Amino acid sequence: MAKKIVKVMNTAFRDGFQSVYGARVFTQDFLPAVEACREAGITHFEAGGGARFQSLYLYSNEDAFDMMDAFREAAGPEANLQTLARGINVVGLESQSSDIIELHAKLFKKHGMTTIRNFDALNDVNNLVYSGQCIVDAGLNHEVVVTLMELPPGCEGAHTPEFYMGTLREILDAEIPYHSVCFKDASGTAVPSKVYETIRQARQMLPEGTHIRFHTHETAGVSVSAYRAALDAGADGIDLSMAPVSGGTCQPDIVIMWHALRGTDYALDCDVEKVREAELVFRDCMKDYYTPPEALAVEPMIPWAPMPGGALTANTQMMRDNNVLDKYSEVIAAMEEVVRRGGFGTSVTPVSQFYFQQAFNNVVFGPWEQIAQGYGLMVLGYYGKTPVEPDEEIVRIAAEKLGREPTTESPLKLNDADPDKGIDAARKALEEAGLPISDENIFIAATCKEKGIAFLKGEAKTNVRKIEKEAPKPAGGDAYTVTVDGQRYSVILEGDKATVNGARYNVAVEEGVAEGAAQGAAATTGGGQAVDTAQAEAVAARMPGIVIRIYVEAGDAVSEGDKLLVLEAMKMEVDVVAPRDCTVASVAVNTGDQVEAGQTLVQIT
């Protein structure tokens, strides 16, 4: 009897990068491995989208469209290159207007993609109707998704086979055009028995011949068992990765799954010996990249706090950047309550990020003292309908903290009416920055906002973590270990570049202290009024972050609650406000500064 051939998508170059390196990888470093996979006969690759879109602008200082073009060249003209999209969010963390959703599909087709896997983290099918139609209209294959996870023990009301079949029935009834169906478990927590029953029922519901694919992660330690359950239930394809970005927070390795299926009625559609050769090339490509230890481990806490593999290391890398990694265990523990009370949106981007941000806030600021904007808007209904109603108290707190009322309005309708979203708003931002207008630049500005503009202006900072090696003093440069408030930094100065703990920055170093420099931003704005600082009170940062906007200068009179400046940390914007009616004595920081918790930002009198 002939074995059933299992269709494999190689996820190493998208989900692998996101799950292990927080998506921070330079394009030229991995292209030889793509070419080796092509030689091994692999024809289906996950080639971008998701966090691998924004991360190129935020961390790698590269253009994602250039990356897609290079991937197509390396993979060959016949390869099925697949990207990941988040329904009406497309590849951003916030939802978009209709014209940007349409532009997303057209641009990804233009830059060589074949298939877009399209999901909504809330399983709100209304968010898939228009986005799916745009994908098909652009000439791409549409892989429509039902998102899976296991609820923390004791929770019920969603994420059962019956719930998933209800979502699938809504997709069919909405007549969303699709070429394949994927059941996506980003946290790797769906138990194998539930995976089996879900796909068994889906096989009965879907038209004969429909391609069904299952996606999971090894984070909870059950990925191989879940894949076998999916295959036994009738799945046609599964997602697998390659070392050094397999297992742990990512998908199991192609070789490991091949081994697990030995002696069964299944065979993978690739030559495992050639895959082993490709893995040697890939290991060499990635040998200089820092692999965080949490990316290699199965996490026993994940069933209680379903943090996706693709978000786990992205968050721990940001915590490293902000010197708060010591709080990771507390934040993961705090996630359970956030999930329980948030309406059971699937823990996949962007909802997984909302869960983590809110858990982080609950640890840093106190339980529910500060509502992360994404989490708050989710429970208030601005991203669509959650699988179950969120906790009434949390809805009330979110409405009070964010100054927004709950809504049942269509998110797409709200976005189309928002003057700050869409092609016109992005074009205006480009014009104000003196940047050329193109479809690509419009999309970058719309999805990456200020950081996209900074990239296009040549002002982006590179923050890709590679292994620090002992090396002789750089020619023309100096190497230092700098300790600030007990925190040690490795600093290498080379001309107009500085490498700080592996991250590269543009710098300008001058002899002496420039006049007024010690006064920070207030001294450089030109409109400040001298204020006696002898009796000044410090307004300090309550968490580490980067200063992205400053609203005041010395001499300004402000009222209690007025914004002084905005910090960005953990992909959140955190307002720093006046604690009382006061006058600004000085501003101690500049836009772009990285600040630590407890550091003085503004002095007031």
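Criteria and thresholds
Residues numbered from 1 in each chain as written. Predicted model: local features only at pLDDT ≥ 70, side-chain atom pairs only at ≥ 80, totals over all residues. Heavy atoms only, no water. Pairing = 2+ DSSP bridges. Helix = DSSP H or I, 4+ residues; strand = E, 2+ residues; numbered from the N terminus. 1 Å grid on protein atoms, 1.4 Å probe; cavity = no way out; pocket = protein on both sides within 12 Å on 5 of 7 lines; lining within 4 Å. Points joined across faces, edges and corners; volume = space filled by probe spheres on them. Buried < 20%, exposed > 50% of the residue type's maximum accessible area, 1.4 Å probe, protein only. Contact = heavy atoms within 4.5 Å. Arc of directions from axis to C-beta. Salt bridge = Lys/Arg side-chain N within 4 Å of Asp/Glu carboxyl O. Phe/Tyr/Trp six-rings, centres within 6.5 Å; stacked < 30°, edge-to-face > 60°. Lys NZ or Arg CZ within 6 Å of the ring centre and 35° of its normal.

**A closer look at the sheet that holds strand 21 (residues 600-604)**
Hydrogen bonds between backbone groups are what pair the strands of a sheet, and the pairing can be parallel or antiparallel.
(1) Moving on: The 4 strands lie next to each other as 14-21-19-16, forming an open sheet whose pairing is antiparallel. Single-partner strands in this sheet number two, and they are strand 14 (537-540) and strand 16 (557-558).
(2) Moving on: Pairing analysis gives 3 bridges linking strand 19 (residues 582-587) to strand 21, with the strands arranged antiparallel. Paired with Val587 across the strands is Val602, a residue of strand 21.

**Side note on empty space enclosed by the protein**
(1) Moving on: Under the criterion given, the structure shown has 4 cavities of 30 Å³ or more.
(2) Moving on: Considered as a void within the structure, the largest cavity measures approximately 120 Å³ in volume.
(3) Moving on: Taken together, 17 residues form the lining of the largest cavity, with Arg14, Gln18, Lys184, Val348 and Thr349 sitting closest to its centre.
(4) Moving on: Among the elements of the structure, helix 1 (12-21) and helix 12 (309-321) are those that each provide at least two residues to the lining of the largest cavity.
(5) Moving on: The element best represented in the lining of the largest cavity is helix 1, accounting for 3 residues.
(6) Moving on: Within this model, the second largest cavity holds a volume of roughly 100 Å³.
(7) Moving on: What lines the second largest cavity is a set of 14 residues, among which Asn89, Asp120, Leu122, Pro350 and Tyr383 lie closest to the centre.

**So, the environment of Met257**
(1) Moving on: Residue placement: Met257 occurs in helix 10 (residues 254-260).
(2) Moving on: Judged by relative accessible area, Met257 falls into the buried class, the value being 0%.
(3) Moving on: Spatially, the C-alpha atoms of Met257 and Tyr227 are 8.7 Å apart, while their sequence positions differ by 30 residues.
(4) Moving on: In this structure, Met257 is in contact with Val224, Tyr227, Arg228, Ile238, Leu240 and Leu268, ignoring residues within four places of it in sequence.

**Some words on helix 18 (residues 423-432)**
(1) Moving on: Within the sequence span of helix 18, burial applies to Ala425, Ala426 and Leu430. Burial along helix 18 is one-sided: seen end-on, the buried residues are contained in an arc of 140°. Pointing more than 90 degrees away from the buried face of helix 18 are the exposed residues Asp424, Lys428, Glu431 and Glu432.
(2) Moving on: Elements that come into contact with the buried residues of helix 18 comprise helix 19 (439-456).
(3) Moving on: Just past helix 18, the residue Gly434 takes up positive phi, approximately 70°.

**Some thoughts on the pattern of salt bridges**
(1) Moving on: Scanning the entire structure with this criterion turns up 29 salt bridges.
(2) Moving on: Between Arg320 and Glu294 there is a salt bridge, and its shortest N-O distance comes to 2.8 Å. Highlighted residues: Arg320 in helix 12 and Glu294 in the loop between helix 11 (272-285) and helix 12, separated in sequence by 26 residues. Residue Arg320 shares its accessibility class with Glu294, and that shared class is buried.
(3) Moving on: Residues joined in a network through salt bridges with shared partners are Arg117, Glu143, Arg213 and Asp239.

**Quick notes on helix 15 (residues 373-380)**
(1) Moving on: Helix 15 sits mainly inside the fold: 7 of its 8 residues count as buried.
(2) Moving on: By the burial criterion, the buried members of helix 15 are Gly374, Tyr375, Gly376, Leu377, Met378, Val379 and Leu380.

**Structural notes on the packing of aromatic side chains**
Given two aromatic rings, one states the distance between the centres and the angle between the planes to describe the pair.
(1) Moving on: Following the criterion strictly, the structure yields 24 aromatic pairs and no others.
(2) Moving on: Pairing Phe13 with Phe30 gives two aromatic rings, centres 5.7 Å apart and planes at 25°, and the pair type is stacked. Of this pair, Phe13 sits in helix 1 while Phe30 sits in helix 2 (residues 27-39); the two residues are 17 residues apart in sequence, bridging distant segments of the chain. Exposure class is identical for Phe13 and Phe30. Each is buried.
(3) Moving on: Look at Phe53 and Phe443: their rings are 5.5 Å apart centre to centre, the planes differ by 80°, and that puts the pair in the edge-to-face class. Pair noted here: Phe53 is in helix 3 (residues 51-60) and Phe443 is in helix 19, with a separation of 390 residues, a long-range link. You'll find Phe53 and Phe443 in the same group, each marked buried.
(4) Moving on: An aromatic cluster is built from Phe13, Phe17, Tyr21, Phe30, Phe45, Phe71, Phe282 and Tyr289, whose rings are joined through pairwise contacts.
(5) Moving on: The ring of Tyr59 has Arg24 lying over it, and the distance from NZ or CZ to the ring centre is 3.7 Å.
(6) Moving on: Here the basic side chain of Lys184 rests over the ring of Phe119, its NZ or CZ set 5.8 Å away from the ring centre.

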